[in-house]
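Residue-level structural notes
As a plain string of letters, each chain reads:
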Amino acid sequence: MEKDQDKILSDVTTGEYKYGFYSDIEMDRIPKGLSEEVVRIISAKKNEPQWLLDFRLKSYRHWLTMKMPTWPNLKIAPINYQEIIFYAAPKERKNPGSIDDIDPELKRTFDKLGIPLQEQKHLAGVAVDAVIDSVSVKTTFKETLAEMGIIFCSFSDAVKEYPDLVKRYMGSVVPYTDNFFATLNSAVFSDGSFCYIPKGVRCPMELSTYFRINSANTGQFERTLLIADEESYVSYLEGCTAPSRDENQLHAAIVEIVAEKNAEVKYSTVQNWYPGDKEGRGGVFNFVTKRGMCKGESSKISWTQIETGSAITWKYPSCILRGDNSTGEFYSVAVTNNYQQADTGTKMTHIGKNTKSTIVSKGISAGHGQNSYRGLVKVLKNASNARNYSQCDSLLLGDKCGAHTFPYLEVDNSTAIVEHEATTSKIGEDQIFYCNQRGISTEDAIGLIVNGYAREVINKLPMEFAVEAQKLLQISLEGSVG
Amino acid sequence: MLIINNLKASIGGKSILKGISLNVKPGEIHAIMGPNGSGKSTLAAVLAGREFVEITEGTVTYLGKNLLEMAPEDRAKEGIFLGFQYPIEIPGVSMVNFMKTAVNEHRKHKGLDPLSASDFLKLMRDKKELVEIDSKLANRSVNEGFSGGEKKKNEIFQMAMLEPKLAILDETDSGLDIDALRIVANGVNKLKRPDNSFIVITHYQRLLDYIVPDVVHVLYDGRIVKTAGKELALELEEKGYDWIKKEIENNVVS
């Protein structure tokens, strides 16, 4: 009976990756490798002001002094930075911004991914910034949003049009010295999204960035900066896919969020980078630094992530709770199947009084997947009445995978209340048979059970994406139960 | 409906069923009684398609088809329902979602469109009343945190939702107080029709005060050793299983 269960498991978790196609788009690529020269070329390509070039160079020089950390519970093949192309962009078009001047192949690519570059009526609730390899190719609903004073554009445009905002906030939450991959990003980042919600404005639509890696041997280094001014609200979603390739590709991004007084930011991620094949060949290295600063009083930042892709996921979307009464939340579902690895979690740093944080992490391991939760709850001396609740659950499918939890607590204030709960469970053969006996196939049964397990997190996603996320969970575990 | 012929089965090399033959016709209720360890639950497991039971000999024909070749979910969709002796908990999966999936799989099998959300909820409401199940149960996860009695009532509720042709109730009465027993039995009686059948597996006679069987079989050591009308159940209640055991041993001697 062990054998049967293995078979079902392996059937359900060996489904195919749907977004593995490659598009033949005319690209402008710089030679591979990394040097000060390359940093200057990237900056020149983007016609950047001197201050930004200086920021890049300072980061690059600092990076040279750093070593890749070895503390995560991950096996990472050595990365040769001289073999990576650090900038690749679709060839310059005559009239940027106009949909007609976008390479039709590029449009087809996004159509195939289900991301409309046209502003379509039935998708009027979502504004999209589409990023392919190193650059943003189109941002929809820019004008509609501008009427309310909301700025939503590519990072490059923001540097040109809103240099003061960029200068003021860039690096304020994730400094250029922060960590190995954040410092690398600060040196070579090429594009990303920028968003500013003015005082008192509730953003009427979901803002989203769709990241696509297309070119071979190319790294993607984007930067997202999101600022929610006083009393504002925004819900933001990012999605990511990449072609199937035998070599690993590096994605090292930075996301910075600033929430001023009474502002609320909801940041959701549906990460579906190419996970590698069944033998563990290829796949994206997803090494990302995401951090939000609850700067103002009573502000709130909420991270929700559904991580199903990438060969290796290594990220900790975190909150610095500086404002009094501010709130940080982290809801995560991370799936590792076949030979995927994930070391993910969060850091909640309580600085202000009466700050609250909630952590709900759900790991799902199948195949030979290894899933680690790593989280830090830190309560500083002046953070009286800080409160944290953490819940880490692990679900195992099969007996070759692993789940690990590394919770850390540093509490320097005796009024803090910190709670931690953890569970580990296995999808049982009895549960599957019970579903079978009611007419539900084994695959559907696993889908039901996994989605039931992840429901608490999926419910935090914007409605339109919750359904997608459910399907994605099922697909990424296809062929895994056996 | 169901014809079992000389069925032999073992678990982990140990022979459990040693040649069972049974013929269940549409509209009939069969009770299978017997002491612990006689093979009652193994028989239920074979009919539902549990893979840990190894079939070594015999045939099972259900509605003219070879039942033993069918996958468990196909048996279910063809109308076989097993009321579990120990219903399984599935945390995080709501009863509504679970039943909706099951009902729609059954409909798909019959070439019908899925039920609309409102039709489905109406069906749930109707059936809940039928089996007097607490309406809050429907919003909870499948069997999670249910009391023993609630779990058994939930089995009957699912049976009502799926309207099987052949329902096998595996010791549904065990662990029930008298009220729950009455509700479970009422559920069965209300669902009984001329074209569907029940196999009620029980250790005690008391369930058969409420569900009146057409035929009573006594299973002992992997064989059906006695078959008679409903009066057999009463006789067993009075004399216990030792009487049967003695009778068999005497037969062997003589």
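Since this is a predicted model, take the numbers as computed values, not measurements. (Residues numbered from 1 in each chain as written. Chains lettered and ligands numbered in written order. Predicted model: local features only at pLDDT ≥ 70, side-chain atom pairs only at ≥ 80, totals over all residues. Heavy atoms only, no water.)

1. Quick notes on the pattern of salt bridges
As a reminder of what qualifies: The term salt bridge refers to a side-chain nitrogen of Lys or Arg lying within 4 Å of a carboxyl oxygen of Asp or Glu. For every residue, the accessible area (1.4 Å probe, protein chains only) is compared with the maximum for its type, and the residue is labelled buried under 20%, exposed over 50%, or partly exposed between those bounds. Numbering of helices and strands starts at the N terminus; helices are DSSP runs of H or I of at least 4 residues and strands are runs of E of at least 2.
In total, this model carries 33 salt bridges over all chains according to the counting rule given. Notably, a salt bridge pairs A:Arg281 with A:Asp277, separated by 3.0 Å at the nearest N-O pair. For A:Asp277, a relative accessible area of 18% translates into the label buried. Between A:Arg387 and A:Glu419 there is a salt bridge whose closest N-O contact spans 3.4 Å. Remark: A:Glu419 occurs in strand β23 (residues 417-426) and A:Arg387 occurs in strand β21 (residues 387-396); sequence separation between them is 32 residues. In the salt-bridge network here, residues are joined through shared partners; they are B:Asp74, B:Lys77, B:Glu105 and B:Lys108.

2. Topic: the packing of helix α3 (residues 95-109) of chain B against helix α4 (residues 117-130) of chain B
Pairs of packed helices are described in terms of their axes, by the angle between the two and the distance that separates them. Residues and elements named next belong to chain B. Applicable threshold: Between N-to-C directions, angles span 0 to 180 degrees; the directions come from axes that are lines fitted to C-alpha atoms, helices contributing only their stretch in contact. Roughly parallel means an angle under 35 degrees; roughly antiparallel means over 145; roughly perpendicular covers 65 to 115; every other angle is labelled oblique. Two residues qualify as a contact provided that any one of their heavy atoms is within 4.5 Å of a heavy atom in the partner residue. In this classification, the charged set is Asp, Glu, Lys and Arg, the nonpolar set is Ala, Val, Leu, Ile, Met, Phe, Trp, Tyr, Cys and Pro, and all remaining amino acids, among them Gly, are polar.
Interaxial distance between α3 and α4 falls to 11 Å at its minimum, and their mutual angle equals 105°. The orientation of α3 with respect to α4, classified from their angle, is roughly perpendicular. Seen from α3, the contacting residues are Val 96, Met 99, Lys 100 and Val 103; seen from α4, they are Phe 120, Leu 121 and Met 124. Considered class by class, the residues forming the contact of α3 with α4 number six nonpolar, no polar and one charged.

3. As for the pairing of strand β11 (residues 215-220) of chain B
All names here are of chain B. Put simply, the rule reads: Two strands qualify as a pair provided that DSSP identifies no fewer than 2 bridges between them.
Within β11, five of the six residues are buried, which leaves the element mostly enclosed by the surrounding structure. Alignment of strand β3 (residues 29-33) against β11, held across four bridges, turns out to be parallel. Bridge pairing in β11 links Ile 32 to His 217. Two elements, β11 and strand β12 (residues 223-228), share five bridges in a ladder whose sense is antiparallel. Looking across to β12, one finds that His 217 is bridged to Thr 227. If you look at the hairpin formed by β11 and β12, you'll find two residues sitting between the two strands, and Asp 221 has a positive phi there, around 50°.

4. Description of the nonpolar core
Spelled out, the test is: Joining through side-chain atoms within 4.5 Å is the link that ties buried Ala, Val, Leu, Ile, Met, Phe, Trp, Tyr and Cys residues into a set, and such a set is a nonpolar core.
Counting 97 residues, the largest nonpolar core has B:Leu2, B:Phe98 and B:Met99 as its most contacted members. Residue contributions to this core peak at nine residues, all from helix α10 (residues 442-458) of chain A. Among all residues touching B:Leu2, those that are not within four sequence positions of it are B:Leu22, B:Asn23, B:Val24, B:Leu47, B:Val60, B:Thr61, B:Tyr62, B:Leu166 and B:Ile199. Counting 36 residues, the second largest nonpolar core, distinct from the first, contains A:Leu145, A:Met205, A:Tyr267 and A:Leu321.

5. What about the interface of chain A and chain B?
What counts, and what does not: Buried surface area refers to the total accessible area, computed with a probe of radius 1.4 Å, that the two partners give up upon joining, counted for both partners together. In the analysis that follows, any N or O atom pair within 3.5 Å is treated as a polar contact, provided that within protein one partner can donate a hydrogen and the other can accept it, and provided that, for residues neighboring in sequence, both atoms belong to side chains.
Counting residues at the interface gives 20 residues for chain A and 33 residues for chain B. Broken down residue by residue, the surface that chain A buries against chain B is led by A:Phe433, A:Tyr434 and A:Arg438, which jointly contribute 35%. At the boundary of chain A and chain B, one finds two salt bridges. Linking A:Asp430 and B:Arg50 is a salt bridge whose minimum nitrogen-to-oxygen distance equals 3.1 Å. Where chain A packs against chain B, one counts 10 residue pairs in polar contact (both at pLDDT 80 or more). Considering every element that reaches the side of chain A that touches chain B, the biggest residue donor is helix α9 (residues 429-437) of chain A, with eight residues. A breakdown of the residues in the side of chain A that touches chain B according to their chemical character gives seven nonpolar, seven polar and six charged.

6. What to know about the side chain of A:Asn436
Here A:Asn436 lies in helix α9. Judged by relative accessible area, which is 7%, A:Asn436 ranks as buried. Those residues in contact with A:Asn436, other than ones at most four positions away along the chain, are A:Ser441, A:Thr442, B:Pro72, B:Glu73 and B:Ala76.

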